[in-house]
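Here is how the chains run, residue by residue.
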Amino acid sequence: MVGCVATASMSTPETKRIEADDDPQALETTAEELRPLYRQMLAIRRMEEASAKAYSQGKIGGFLHLIIGQEAVCVGATAALEAKDYVVATYREHGHAYAKGVAARPILAELYGKKTGLVKGLGGSMHLFDKSKNFLGGYGIVGGHVPIAAGAAFASKYRGDGAVTLCFFGEGASTIGGFAEGLALAALWKLPVVLICENNQYSMGTPLYRSLAVEDVSLRALAHGMARDRFDGDDVIKVKRRIGEAVERARTTSEPTLVEVVTYRFRGHSMSDPGLYRTKEEVEEWKRRDPLNRSRARLTELGLAESELEELEAEVKAEIEDAVKFAEDSPAADEYFPYVVKE
Amino acid sequence: MGVISYREALNQAMREEMERDADVFIMGEEVGYYNGAYKVTQGMLQRFSERRVVDAPIAEMGFAGVGVGAAMVGLRPIVEFMTFNFSLVAIDQIINNAAKIYQMSGGQFNVPIVFRGPGGPAVQVGSQHSQALESFYAHVPGLKVVMPATAYDAKGLLKMAIRDDNPVVFIEGETLYNTTWDVPTDEEHLIPLGQADVKREGKDVTLIAWSKMVWTCLDAAKALAEEGIEAEVVDPRTLRPLDVDTLAESVRKTGRCVVVEIGWPVAGFGAEVAYQMQKLCMDSLDAPIERVTSDDVPMPYAKNLEDEVQPQVKDVVAAVRRVLYLE
């Protein structure tokens, strides 16, 4: 298996190539392992679709950034964690919250701006937080949350609690100071954090080649003697295994890793973006690599009957329909003063 | 009680709170081996080790954010800015993260952190190192802003700030570190945030000032006393929350008010104080409220110009004479 490029190879800062496909041995799995991951990815996609529909009906306001196409990254990465581990994410974080254990009901109710929302209608789509799940939030300032993730990891090291922090961000964050300083401090202080760049290839409408001088974001780790890894994010099992290696490194030796996962968002940057900066052919090509289809086919290979898959899909459909109804029926948000200052 | 310096008072406050609570640690540039750029953390590394006295590289946004993240999961960081001028490169962490996370998370995550360090104009260090930034922070809901004028206040307020469950911006007077005051040795010397203090009693006019300007106002009050004018000097000590009741009580008593600040005039915090006082004390005022501020310019280097830009005793005296219709 092609693992991470560790510090020993620092003298040869070459672009880490994305393999066309891994050694299938490395991706061995079972229906028991894959089934719940497929279920999570499907629930996230249905939740995102329901959000898009509600947005078009004017029931959700503001900015809405969907993760459709990238589901394997947050689901696979979070599957490598224990409950005590922390996740810090961006404004495209509904899936990360769900994968960390937050139910669809409070997520959708939050998007609807309801009292029953995850953060009482005070945060909205971009600011989901759940203390009980160690989900440290969705942040709207690109790169500004990377030092926060380093801080949670700092606290884990300070206390020796053995927890690991995952920090998600897009490749667009790799040019801003918050990312650079968070990365530098994580490396300097050997903090148990895994920095996961979800490279969906466009920061809003700007392709990577117009925002970064190199195509490999993980190269940034080399300047800090930090371990790195880079791979494609189509296969949720591969994501789980490779992030799992980085999580293990953080947990056992308190060393951070910068991991770049190449992926693709099928929709625009946000609901107002028709994505005219990409060709139809390009989008179609990536849709053929849909991580959900891939996992579904794999489950069939692993012996799951079509009827079992359909049953799972019906269950997910019902879960999201219930969450939409919950959000629709919930009372409007009604207070904000109590949460400005803690008494 | 014992007469100690403002610097020593801050050092005592941090040591006592770190002895009391193992979750408290300090992080910043030169806080450890160098003993602090202004020697406020003198000797703390030896006492508490590298684990709790953390030297940070020059990355204010990075280590301020590390503090915020650590505070979210239960530690109580003290983040030292070598000076508050450098907090400007960390202001995204302070405003967008520290101040907002409690509300954005629907009350789930509070951020018990102190951002502290020297602020306000210094001496002949040019415009980038010499400015008063409290108005920026006092503008932001979710933050508390503390500006002690004396060693007594510095110790009691810093101890309280460290125990507070919210982000506190604690701006020390860069030119006050060597000033001295009688300070209790009591480890429970605590001053609640949001409690003003009457630094001098008087009946003729109220001078409202904080940090270094308290000292300027006390000097002005002495000069005015020679003319038979008794000025009351009231120090809010914390700008947010602001103890308007104590300020208004004094203004109602004297009927005249001058707000003195070392910052720039436009949208300075003194404008907010003046607004609050006219609203609360309209029926008691015998003259429009005056403000004394620095001039509306970046700080010049030359000593004579630097002095001219900042409020001096004579400027305060002149403003008092105006509200008393003596000129």
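The rules we used
Residues numbered from 1 in each chain as written. Chains lettered and ligands numbered in written order. Predicted model: local features only at pLDDT ≥ 70, side-chain atom pairs only at ≥ 80, totals over all residues. pLDDT = per-residue confidence, 0-100. Contact = placed C-beta atoms within 7 Å. Helix = DSSP H or I, 4+ residues; strand = E, 2+ residues; numbered from the N terminus. Nonpolar A, V, L, I, M, F, W, Y, C, P; charged D, E, K, R; others polar. Pairing = 2+ DSSP bridges. Axes fitted to C-alpha atoms, helices over the stretch in contact; angles between N-to-C directions. Domains from an automatic or database assignment.

### Things to note about the confidence of the model for chain B
Logical step 1: Overall, the prediction assigns chain B a mean pLDDT of 98, with 100% of residues at 70 or greater.
Logical step 2: Both scores are given for the predicted complex: the pTM is 0.96, the ipTM 0.96.

### Focus: the interface of chain A and chain B
By convention, interface size is frequently given as the accessible area that disappears when the constituent parts associate.
Logical step 1: Counting residues at the interface gives 32 residues for chain A, matched by 33 residues for chain B.
Logical step 2: Elements with a minimum of two residues in the side of chain A that touches chain B: strand S2 (135-138), helix H5 (146-159) and helix H6 (177-188) of chain A.
Logical step 3: Per-element accounting of the side of chain A that touches chain B gives the leading share, nine residues, to H5 of chain A.
Logical step 4: In terms of residue class, the side of chain A that touches chain B is made up of 20 nonpolar, eight polar and four charged.

### Describing the sheet that holds strand S7 (residues 168-173) of chain B
All names here are of chain B.
Logical step 1: Spatial strand order, S3-S2-S4-S5-S7-S6-S12: seven strands in an open sheet with mixed pairing. Here the strands that pair on one side only, and so sit at the sheet edges, are strand S3 (53-55) and strand S12 (238-240). Looking at each pair of strands side by side, their axes are set apart by 20° on average, direction ignored.
Logical step 2: Bridge count for strand S6 (residues 144-146) against S7 is three bridges, and the pairing is parallel. Bridge pairing in S7 places valine 145 opposite valine 169.

### Focus: the domain arrangement of chain B
Residues and elements named next belong to chain B.
Logical step 1: Considered domain by domain, chain B is made up of domain 1 (2-183) and domain 2 (197-323).
Logical step 2: Between the C-alpha centres of domain 1 and domain 2 there is a distance of 26 Å.
Logical step 3: The interface of domain 1 with domain 2 comprises 23 residues on the first partner and 22 residues on the second.
Logical step 4: Sorting the residues of the side of domain 1 that touches domain 2 by element identifies helix H6 (134-138), S6 and helix H7 (151-163) as the ones contributing at least two each.

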